[in-house]
Structures are given as C-alpha cells and as structure tokens.
Amino acid sequence: MRLDLKSYIIKLIDSNGIFGVMNNTKWNNLLVALSDIDELLSYRVTYIDGSTWPESDSSYQYASELAQIWGNFRAIHFIDIDARISHSRGVLLEPEVLDHRDKVIAICKEQNTKISLTECGVRIWGYFQHGKDIEIYKYT
C-alpha cells in the first residue's frame, strides 16, 4: 500500500472515531473460506471513506468477484453478502431462491468475525464506530 494512501486511511480512521475489529490475516482467512462455498454469492464492500464497490450508481448492487476485494483490507468498513441464490425454473415459474445465510454464518463463526444479519444475508464488520450501537449477531 502506498504511503500516501496508508496515511489517508489512518487519517479517516482517526477523524471518524472508528476502530478495527479485523486485520489482514482475518480478512484473508475469511475470504478464502467464503470462496470455498460452492454457490456464487454476491458481495458489496463499503469503505471507510463511504465509497462502495460496486459503486452505488452501478447497475449492479452486488458483484460475485471476491478477487476485487483482496488487497485493501485496511480500508474496508464492512462487506455485505447477499446469501440468496436465484435459480430459474422456466419462463412460467417463479425462480427458486436458495438462502445460504447459514453457510455464511458458520464460516464467520469459525473465523471469529463480527457480523450483523441483513435482509438478504450477512454484514461482516471491519470497523466499529465509537458510540454507535450496532446489532451484532450472537453465535450460539
């Protein structure tokens, strides 16, 4: 990571009152485990500067390519995973929707990550903000 980018990220962390709950090793292990899921899940990354990938004005709100996320872990505020996979059953039938949230939760538990449940899946946290209540999923 370039020094000016690293300095910018550190400045954002300090100015936004956030603190990390993940590190490079945890992100690497988690993404490797997630990429082993047989189904093609969809991801959306929000960075600490508020930008997203895919970008918010993109026609795709989520992307299935995990390789795009690798590398700039220090800047990841959170990753949203859409754990629903839609399979077509023909033109006249509604698609079959399979929910793989339990698989994602199991991997997150194994990797000891902080997550929240979303309408369509799981949010994996890289940073928390001081003074902001976040509903964290309690592993049982």
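For the structure itself, look to the data block above.
Criteria and cut-off values
- Residues numbered from 1 in each chain as written.
- Predicted model: local features only at pLDDT ≥ 70, side-chain atom pairs only at ≥ 80, totals over all residues.
- Heavy atoms only, no water.
- Helix = DSSP H or I, 4+ residues; strand = E, 2+ residues; numbered from the N terminus.
- Buried < 20%, exposed > 50% of the residue type's maximum accessible area, 1.4 Å probe, protein only.
- Contact = heavy atoms within 4.5 Å.
- Salt bridge = Lys/Arg side-chain N within 4 Å of Asp/Glu carboxyl O.
- 1 Å grid on protein atoms, 1.4 Å probe; cavity = no way out; pocket = protein on both sides within 12 Å on 5 of 7 lines; lining within 4 Å.
- Points joined across faces, edges and corners; volume = space filled by probe spheres on them.
- Nonpolar A, V, L, I, M, F, W, Y, C, P; charged D, E, K, R; others polar.
- Pairing = 2+ DSSP bridges.
- Phe/Tyr/Trp six-rings, centres within 6.5 Å; stacked < 30°, edge-to-face > 60°.
- Expected span 1.5 Å × (residues − 1).
- Polar contact = N/O pair within 3.5 Å; in protein donor to acceptor, adjacent residues only side chain to side chain.
- Axes fitted to C-alpha atoms, helices over the stretch in contact; angles between N-to-C directions.

Visitor: Whenever I open this one, the environment of Ile48 confuses me. Can you help?
Guide: Counting through the fold element by element, Ile48 comes out in the loop between β2 (42-47) and β3 (52-53). Relative accessible area serves as the criterion here: at 9%, Ile48 is assigned to the buried category. If we skip the residues at most four places from it in the chain, Ile48 touches Ile9, Leu12, Ile13, Asn16, Ile18, Arg74, Ala75, Ile76, His77 and Tyr127.

Visitor: Before we go on, may I ask you to explain the pattern of salt bridges in this structure?
Guide: Should the charged atoms of two oppositely charged side chains come close, the side chains can pair. Using the criterion set out here, one finds two salt bridges in the structure. We note a salt bridge from Arg123 to Asp80, for which the minimum N-O separation is 2.6 Å. Of this pair, Arg123 sits in strand β8 (residues 121-125) while Asp80 sits in strand β4 (residues 76-82), placing them 43 residues apart in sequence. The salt bridge involving Arg84 is made with Asp82; its shortest N-O contact spans 3.1 Å.

Visitor: What's the story with the layout of surface pockets in this structure? I'm lost.
Guide: Gaps left between atoms are located by rolling a probe of water-molecule size over the structure's atoms. Considering only enclosed or pocket space, the largest pocket measures out at about 160 Å³ in volume. Forming the walls of the largest pocket are Asn16, Ile18, Ile48, His77, Phe78, Arg123, Trp125, Gln129, Lys132 and Ile134. Those elements giving two or more residues to the lining of the largest pocket turn out to be β4 and β8. Looking at the lining of the largest pocket residue by residue, the classes come out as five nonpolar, three polar and two charged.

Visitor: Honestly, the pairing of β8 in this entry has me stumped. Any pointers?
Guide: Among the five residues in β8, four count as buried, and that is most of the element. For β4 and β8, the ladder comprises five bridges, and the chain directions are antiparallel. Considered in β8, the bridge of Asp82 is made with Gly121. Taken together, strand β7 (residues 115-117) and the strand that follows it, β8, pair antiparallel across an intervening segment of three residues.

Visitor: Could you clarify how one ought to interpret the packing of aromatic side chains in this entry?
Guide: The geometry of two aromatic rings is summed up by the distance between their centres and the angle between their planes. One pass over the full model with this rule turns up five aromatic pairs. Between Tyr137 and Tyr139 the ring centres are 5.6 Å apart and the planes differ by 80°, which places this aromatic pair in the edge-to-face class. The exposure class of Tyr137 is partly exposed, given its relative accessible area of 27%. Under the relative-accessibility criterion, Tyr139 is labelled partly exposed at 25%.

Visitor: Quick question: what am I supposed to make of helix α2 (residues 24-35) here?
Guide: Since the α-helix packs 3.6 residues into each turn, any two residues three or four apart lie on the same face. For α2, with 12 residues, the first-to-last C-alpha span of 16 Å sits near the 16 Å given by 1.5 Å per residue. Check the buried side of α2 and you find it contacts β2, β4, α3 (101-110) and β8. Taking the backbone nitrogen of Thr25 as reference, a side-chain oxygen 3.1 Å away marks Asn23 as the first, capping residue of α2.

Visitor: Looking at this structure, I do not really get the sheet that holds β3. What am I missing?
Guide: Within a sheet, neighbouring strands are paired by backbone hydrogen bonds and run either parallel or antiparallel to one another. The five strands lie next to each other as β3-β2-β4-β8-β7, forming an open sheet whose pairing is antiparallel. The sheet terminates laterally at β3 and β7, the two strands that pair on one side only. Bridge count for β7 against β8 is three bridges, and the pairing is antiparallel. In the strand pairing of β8, Ile115 is matched with Ile124. Lying on the sheet, α3 is in contact with β4, β7 and β8; it crosses β8 at an angle near 20°.

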